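Per-entry structural report
Each chain, written out:
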Amino acid sequence: LALLSGNKDFLDSLEIEAFRNAGLSHVLALSGMHLSIIGFLSAFFASFLFKRKILKIFIVLACFCFLVFVGASPSLIRAFIMLSIIAIAKIMYVKVNLLGVLALSFSFHLLLFPEDAFTLSFLLSYSALFGILMFSNIFINFFNPFVPDALNSSLSTSLAATFSTLPIVAVVFKRVCFIGVASTCIISPLISIFLVFGIISIFISLFAPL
């Protein structure tokens, strides 16, 4: 339930602390990964019903419904604004630069929800993605000679996000868990698989409660 909806009410303090010690607190927070999975599933099941332009609009609407269902956290708002900008750009056949999309999303976000600027979720979400877009390729090129491609991308992304959010995490939590770089590489694929099958199972249970 925590992974799908962000509701941590049924996790005890020891479990939450275990995630924190493993550098995996971000796993329990709703993020762009959730919208990516919702978008992927929406596209997969609706691709045979709609043409490409209508399909993009459908994906945005499906993600908006998810946003309303789980609550509009700053990290989800950031992801939804970026998704909407990219969808509109593709419908209009306009090439996008992800750093530009992030900057535009940042501006729209502050315009619509200025109070989010003081939340930890807002700061970590934007700084992590900024770090990934700016530095992940640098790490990929550095590790490329001696790290397999399958691992290199995950490792480089995790390192870029960790170092870009490090000052905020150090100030707020008074500690930095570098083990999170390794544990994120292991956990992220498993979490993605779990979320996909979890969401599919929810829909199956609606039609077959037993």
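Description of the structure in this document.

Criteria and thresholds
- Residues numbered from 1 in each chain as written.
- Predicted model: local features only at pLDDT ≥ 70, side-chain atom pairs only at ≥ 80, totals over all residues.
- Heavy atoms only, no water.
- Helix = DSSP H or I, 4+ residues; strand = E, 2+ residues; numbered from the N terminus.
- Buried < 20%, exposed > 50% of the residue type's maximum accessible area, 1.4 Å probe, protein only.
- Polar contact = N/O pair within 3.5 Å; in protein donor to acceptor, adjacent residues only side chain to side chain.
- Contact = heavy atoms within 4.5 Å.
- Phe/Tyr/Trp six-rings, centres within 6.5 Å; stacked < 30°, edge-to-face > 60°.
- 1 Å grid on protein atoms, 1.4 Å probe; cavity = no way out; pocket = protein on both sides within 12 Å on 5 of 7 lines; lining within 4 Å.
- Points joined across faces, edges and corners; volume = space filled by probe spheres on them.
- Axes fitted to C-alpha atoms, helices over the stretch in contact; angles between N-to-C directions.
- Parallel < 35°, antiparallel > 145°, perpendicular 65-115°, else oblique.
- Left-handed = near helix turned anticlockwise from the far one by under 90°.
- Nonpolar A, V, L, I, M, F, W, Y, C, P; charged D, E, K, R; others polar.
- Patch = residues over 30% accessible without salt bridge, like charges linked within 9 Å, V, L, I, M, F, W, Y side chains within 5 Å.
- Areas by Shrake-Rupley, 256 points an atom, 1.4 Å probe, with all protein chains shown as cover.
- Salt bridge = Lys/Arg side-chain N within 4 Å of Asp/Glu carboxyl O.
- Core = buried A, V, L, I, M, F, W, Y, C linked by side-chain atoms within 4.5 Å.

1. Focus: the side chain of S136
Residue position: S136 is located in helix α7 (residues 120-143). Residue S136 is classed as buried on the basis of its relative accessible area, which comes to 9%. Side-chain polar atoms of S136 contact the backbone oxygen of I132, separated by 2.5 Å. Those residues within four positions of S136 in sequence are excluded, and the remaining contacts are G131, S156, T157 and A160.

2. Considering the packing of aromatic side chains
Summed over all chains, the structure comprises twelve aromatic pairs. Seen in terms of ring centroids, F106 and F122 are 5.6 Å apart; in terms of plane orientation they differ by 45°. Their pairing is tilted. Placement of the pair is F106 in helix α6 (residues 98-112) and F122 in helix α7, with a sequence separation of 16 residues. A relative accessible area of 3% means that F122 is categorised as buried. Taken together, F139, F142, F143, F146 and F163 form an aromatic cluster joined through their ring pairs.

3. Section: the layout of surface pockets
One water molecule sets the probe size; rolling that probe over the atoms shows where empty space is left. Here the second largest pocket is characterised by a volume of approximately 570 Å³. Around the second largest pocket, the lining is made up of 21 residues, and of these I38, L41, F66, I199 and F203 lie nearest the centre. Where the lining of the second largest pocket is concerned, the elements lending two or more residues are α1 (2-5), α3 (32-46), α4 (52-70) and α9 (179-207). With six residues, the single largest contributor to the lining of the second largest pocket is α9.

4. A few points about the packing of α7 against helix α8 (residues 149-173)
Packing of α7 against α8 brings their axes to within 6 Å, and their N-to-C directions diverge by 140°. Considering the angle they form, α7 stands oblique to α8. Of the two possible hands of crossing, α7 and α8 adopt the one that is right-handed. Residue composition of the contact of α7 with α8, grouped by class: 18 nonpolar, eight polar and no charged.

5. Observations regarding empty space enclosed by the protein
Counted according to the given criterion, the structure contains one cavity of 30 Å³ or more. Computed from the structure, the largest cavity encloses a volume of approximately 30 Å³. For the lining of the largest cavity, the secondary-structure elements that each account for two or more residues are α3 and α9. For the lining of the largest cavity, the element with the most residues is α3, which contributes three residues. Of the residues contributing to the lining of the largest cavity, the split by class is six nonpolar, one polar and no charged.

6. With respect to a nonpolar patch on the surface
On the surface, F48, L49, F50, I54, I57, F58 and L61 cluster together to form a nonpolar patch covering roughly 680 Å² of accessible area. Checked against the element boundaries, L49 lands in the loop between α3 and α4.

7. Some remarks on the nonpolar core
By size, the foremost hydrophobic cluster in this structure holds 28 residues, and its most contacted members are L35 and L76. At the level of secondary structure, the elements contributing two or more residues to this core comprise α1, α3, α4, α5 (74-91) and α9. In terms of residue count, the dominant contributor to this core is α4 (eight residues). If we ignore the near neighbours within four places in the chain, the residues touching L76 are L30, S31, L35, F66, L67, V70 and G71. With nine residues, the next largest nonpolar core counts L102, F122, Y126 and L129 among its residues.

So, to be careful, I would describe these as geometric facts and stop short of saying anything about function.
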